[in-house]
Amino acid sequence: METEPALPRKTVLMMAFTAGVIVANLNFIQPIEGLIATDFQISKAVVGILAMLTQLGYAFGLLLIVPLGDIFDRYHLIQFMMVLSIIALLLAFLSPTMVVFAVATTLIGITSVAPQIIIPYAGFLAPALQRGKVLGTVLSGLLTGILLSRSFSGLLGSVIPWQQIYLIAAVLDIVLLGVVHKYLPRDPRGHHSLNYFSVIRSLPHLFITQRPLQGATINGFCMFGVSNVMWSTLAFYLASQYHYGSNIVGLLGLLGIAGVTAAPYIGTMVDHRSPRLTIGMSIGFSTLAFLLFWLIGHWMLGLIVGIVLLDLGTQFSQVSNQAIVQSLNKAQSSRNNSVFMFGYFMGGSLGTLTATWAWSRAGWNGVCLVALGFLIVSLLGHLVLKEPERLNA
């Protein structure tokens, strides 16, 4: 049997870099929530809603825009979304009021979906036995973007006005757009007979009829919810417990480098062992992380070890679930990814909203109780829906 040609490593790395730079737009707000609250004279609960709007916008962008990857040329679609994202970043930079910024941060979420078009595109281009590793590499780029965005935003927020962070991001994205235009592989697919509304109508059917997609979506919902429970309240906790500013939040964000380093190896585990095993490990790591946050989070060592474990848990979940989703059906890979990532970011937005509410009511104990709720649901999904032991070729 003739083997499929491997996807060149330089192409995989370029796609990973692109995904990381674009996804960073979603996370600039987390370390500078306190600065935004002070500047606009709003409460921490209200600025938590602004952070939630970014993720909620992203969730609906995933639901309504990402499926277009099954209809249109992905090479051009990715670049078109990057242009819209740049416009949204510039609006955030120029925002004179909280209301305008709320609109801008929602648009940033909606338009920053290019990485979720890139991911199924990478899965489509990669041969079956390389798919987990390729997705692991692209997702490590995605996680690097998330981590560095927190560090980038937190550190810069301590030395320049927070609005300028969005201007710098827009300039970086403009440069990246030129790179993508030159080096992104052309879409090899032919003409599609699908239309937009039939694609959107098919999304509920895909979720209902594919048990692996159900399991991946529920696990992603819970695991990203748990991650955002911590990251959306960490700035408040550090300010109250240690009197630290946004720069320390940014530095702590770098601890997730363990997850970045592990991502390709996680992908290899998924390819050659079992996604069910790696999903179970994701739940275990995240649960242990929040036990440490709750019991010894008042010591910096407890926070540091917990953050490393939580980012590992998030990465195990994301790589495993993406490998499951991209193994289902190449012809509907963008739609399957849309369903999965919609659930993923709905979980993230709910985690942000409930955690900031819990912080205002019960402090760090309330935050940890919210995380426990997400973890219980993830464990029930793991036991009932039972992820596949092996992936489809």
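Below is a short write-up of the structure. Not measured: the values here are computed from a predicted model.

Rules of the game
Residues numbered from 1 in each chain as written. Predicted model: local features only at pLDDT ≥ 70, side-chain atom pairs only at ≥ 80, totals over all residues. Heavy atoms only, no water. Helix = DSSP H or I, 4+ residues; strand = E, 2+ residues; numbered from the N terminus. Buried < 20%, exposed > 50% of the residue type's maximum accessible area, 1.4 Å probe, protein only. Contact = heavy atoms within 4.5 Å. Axes fitted to C-alpha atoms, helices over the stretch in contact; angles between N-to-C directions. Parallel < 35°, antiparallel > 145°, perpendicular 65-115°, else oblique. Left-handed = near helix turned anticlockwise from the far one by under 90°. Nonpolar A, V, L, I, M, F, W, Y, C, P; charged D, E, K, R; others polar. Phe/Tyr/Trp six-rings, centres within 6.5 Å; stacked < 30°, edge-to-face > 60°. Salt bridge = Lys/Arg side-chain N within 4 Å of Asp/Glu carboxyl O.

This paragraph deals with the side chain of Q332. Residue position: Q332 is located in the loop between helix 15 (300-326) and helix 16 (333-385). Given a relative accessible area of 14%, Q332 falls into the buried group. Non-local contacts of Q332, meaning those with residues more than four positions away in its chain, are made with D70, L206 and Q210.

As a further point, take the packing of helix 7 (residues 131-157) against helix 15. Where helix 7 meets helix 15, the closest approach of the two axes is 10 Å, and the angle between their N-to-C directions is 140°. Accordingly, the angle class assigned to the pair helix 7 and helix 15 is oblique. Crossing geometry of helix 7 relative to helix 15 is assigned as right-handed. Each of R131, L135, G136, L139, S140, L142, L143, L147 and R150 in helix 7 lies in contact with helix 15, whose residues at this interface are D311, Q315, Q318, V319, Q322, A323 and Q326. Considering only residue class, the contact of helix 7 with helix 15 consists of seven nonpolar, six polar and three charged.

Turning our attention to the environment of S140. Mapping S140 onto the fold places it in helix 7. S140 gets classed as buried once you look at its relative accessible area, which sits at 10%. Once the C-alpha coordinates of S140 and A262 are considered, the two residues, 122 residues apart in sequence, prove to be 8.0 Å apart. Apart from the residues lying within four places of it in its own chain, the contact partners of S140 are V260, A263, P264 and Q315.

With that settled, consider the packing of aromatic side chains. Tallying each qualifying case throughout the model produces 22 aromatic pairs. Both rings, one in F101 and one in W162, keep their centres 5.1 Å apart while their planes meet at 75°; by these two values the pair is edge-to-face. Here the residue F101 occupies a position in helix 5 (residues 98-111), and W162 occupies one in the loop between helix 7 and helix 8 (163-183), the gap between them amounting to 61 residues. For F101, a relative accessible area of 0% corresponds to the buried category.

For the rest of this paragraph, the subject is the pattern of salt bridges. Scanning the model with the defined rule gives three salt bridges in all. Measuring nitrogen to oxygen at the nearest pair gives 2.9 Å for the salt bridge that ties D70 to R335. Here D70, found in the loop between helix 3 (44-64) and helix 4 (74-94), pairs with R335, found in helix 16; they are 265 residues apart in sequence, far enough to count as distant. The shortest N-O distance in the salt bridge between R276 and E387 comes to 3.1 Å. Here R276 is found in helix 14 (residues 275-296), whereas its partner E387 is found in the segment after helix 16, with 111 residues between them in sequence.

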